[in-house]
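Structural overview
Below are the chains, spelled out letter by letter.
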Amino acid sequence: MIDLRSDTVTRPSDAMRDAARDAEVGDDVYRDDPTVNELERRAADLLGMEAALFVPSGTMGNQVAVRTHTDRGQELVVDEQAHVVKWELGGVADLSGVQARMVDAGPSAVPSPEQVRDAYVAESLHRPGTGLLCLENTHNSRGGVAVPAERIAAAADAAHDLDVPVHLDGARLFNACVALDTDPSEMVAPVDSVLFCLSKGLGAPVGSVLVGSEVFVERARRLRKLFGGGMRQAGMIAGPGLLALENVSRLAEDHANARALATGLNDLPGLSVPEPDTNIVLLSTDGLSAPGLEAAAGERGVAFNARDATSARLCTHLDVSRADVEEAVQRIAAAADSLA
Ligand SMILES: *Cc1c(COP(=O)(O)O)cnc(C)c1O
């Protein structure tokens, strides 16, 4: 099976399995796990921020960040296609009592400074006030869009001018930085907290990291415990996570493979595939059923996810080679033929 459903499907390498077995461990709730401590130090240094917190998943990292930054009843300004409001089970309402004020960021994938100012609500007797701006880079649902650092800074500066803190959902932060050739610390300098995933393109089996100031991370650490994310001998998963950080620069290969995949698919009749910025390829079908194509490709050993009746998402990753991409294009061509 050539599995293009997501970059989360990678299997840990032998080196990662060794790192899990050999990790020095302790009880991380007591902050005694040296491997977790090292991972948190490395993550904070990499982003040029003060501190970091290892969390089991990206979703938990985002939800802990929202709760840490906000008070109940406040508003969260966010793109309507953002993961934190689209794919996290209404967690901002459920777990933090926050209501989302959604804006349509469009293809640029980041709200403009004007949109941030227009969405802002000042606290008053009648209004809850804006508690947080959440940005996403790369932007998953908009097709792995790599948002340039200047646009992140422009939105963040607009929020800060209104005394609103900014969280960056950087589940695929390093894909953005590699695609744009931007240092991660420069990308995140304008924001107050960042979440990134070790378990996506970087290939770790489990884990994400929430990064910010000492004060932010201290508060987030209590909330992680509340949300059930206080882990014990977590060095077993932080060890592979440390190795995952070595996979940052090779993300460029996934991006090149995604472009090759898009080009190959775009040449097929009935499919329209814009050039991807990073490792996520969005495909539109013209007259062809996307779920039908997904099923027919699945029968031919290629897995991907239809998004709706006429669009689908394909992801390249560590376990997909250029030869796999070429083979996938052939098999999807055959699948499309079988439906025509
Ligand atoms: C995958 C993803 C997350 C959540 O990560 P999980 O580890 O799957 O919970 C958050 N934000 C974005 C943009 C993502 O793509």
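See the structure above.
It should be emphasised that the depicted structure is a prediction, and the values quoted were computed from it without experimental measurement. (Residues numbered from 1 in each chain as written. Predicted model: local features only at pLDDT ≥ 70, side-chain atom pairs only at ≥ 80, totals over all residues. Heavy atoms only, no water.)

1. Some details on the overall build of the protein chain
Applicable threshold: To qualify as a helix, a DSSP run of H or I must reach at least 4 residues; to qualify as a strand, a run of E must reach at least 2; elements of each kind are numbered from the N terminus. Note on method: radius of gyration uses C-alpha positions; expected globular size equals 2.2 Å times residues raised to 0.38. Note on areas: Shrake-Rupley with a 1.4 Å probe; residue coverage comes only from the protein chains shown. In this tally Asp and Glu are treated as negative and Lys and Arg as positive; neither His nor the chain ends contributes. All charge positions are set by atom: Lys at NZ, Arg at CZ, Asp at CG, Glu at CD.
Summing up its helical and strand segments, the protein chain has 14 helices and 13 strands in all. Relative to its length of 340 residues, the protein chain is compact, with a C-alpha radius of gyration of 20 Å against a globular reference of 20 Å. Total accessible area on the protein chain stands at roughly 14,200 Å², and carbon and sulfur atoms take up 47% of it. Counting 30 positive and 51 negative side-chain charges, the protein chain places the averaged centre of each group 5 Å from the other.

2. Some points on the sheet that holds strand E5 (residues 130-136)
How we decide: A pair of strands is treated as paired once DSSP finds two or more bridges between them. Under this scheme, a helix contributes an axis fitted over its contacting stretch, all axes are lines through C-alpha atoms, and angles between N-to-C directions fall in the 0 to 180 degree range. Any pair of residues with heavy atoms lying within 4.5 Å of one another is described as a contacting pair.
Reading across the sheet, the seven strands line up as E2-E8-E7-E6-E5-E3-E4 and stay open at both edges, with mixed pairing between neighbours. With partners counted over all chains shown, the strands left at the sheet margins are strand E2 (51-55) and strand E4 (99-103), one partner each. Recorded for the sheet is a direction-independent mean angle of 20 degrees between the axes of neighbouring strands. Across three bridges, strand E6 (residues 166-169) lies against strand E7 (residues 193-197) in parallel orientation. Of the residues in E7, the one forming a bridge with Asp-169 is Leu-195. Where helix H7 (residues 149-161) meets the sheet, its contacts fall on E5 and E6, and the angle it forms with E5 comes to roughly 175 degrees.

3. Some remarks on the pattern of salt bridges
Close approach of charged atoms lets side chains of opposite charge pair. The criterion, for reference: In the sections that follow, a salt bridge refers to a side-chain nitrogen of Lys or Arg positioned within 4 Å of a carboxyl oxygen of Asp or Glu. Partly exposed describes any residue whose relative accessible area lies between the buried limit of under 20% and the exposed limit of over 50%, with all areas from a 1.4 Å probe on protein chains only and scaled to the type maximum.
Within this structure, the stated rule accounts for 16 salt bridges. A salt bridge links Arg-101 to Glu-75; the shortest N-O distance between them is 2.5 Å. Residue Arg-101 is found in strand E4, and its partner Glu-75 is found in strand E3 (residues 75-79); the two are separated by 26 residues along the sequence. With relative accessibility at 3%, the residue Glu-75 sits in the buried group. Within this structure, Asp-18, Arg-21 and Asp-22 form a network of salt bridges that share partners.

4. Notes on the nonpolar core
To be explicit about the condition: Here, the term nonpolar core denotes a set of buried Ala, Val, Leu, Ile, Met, Phe, Trp, Tyr and Cys residues that are joined through side-chain atoms within 4.5 Å.
Counting residues in each nonpolar core, the largest one holds 51 residues, and the members touching the most others are Leu-173, Phe-196 and Leu-198. The greatest single-element share of this core, amounting to six residues, is contributed by H7. Ignoring any residue separated from it by four or fewer positions in sequence, one finds Leu-198 in contact with Leu-39, Phe-54, Gly-203, Ala-204, Gly-207, Ser-208, Val-209, Gly-241, Ala-244 and Leu-245.

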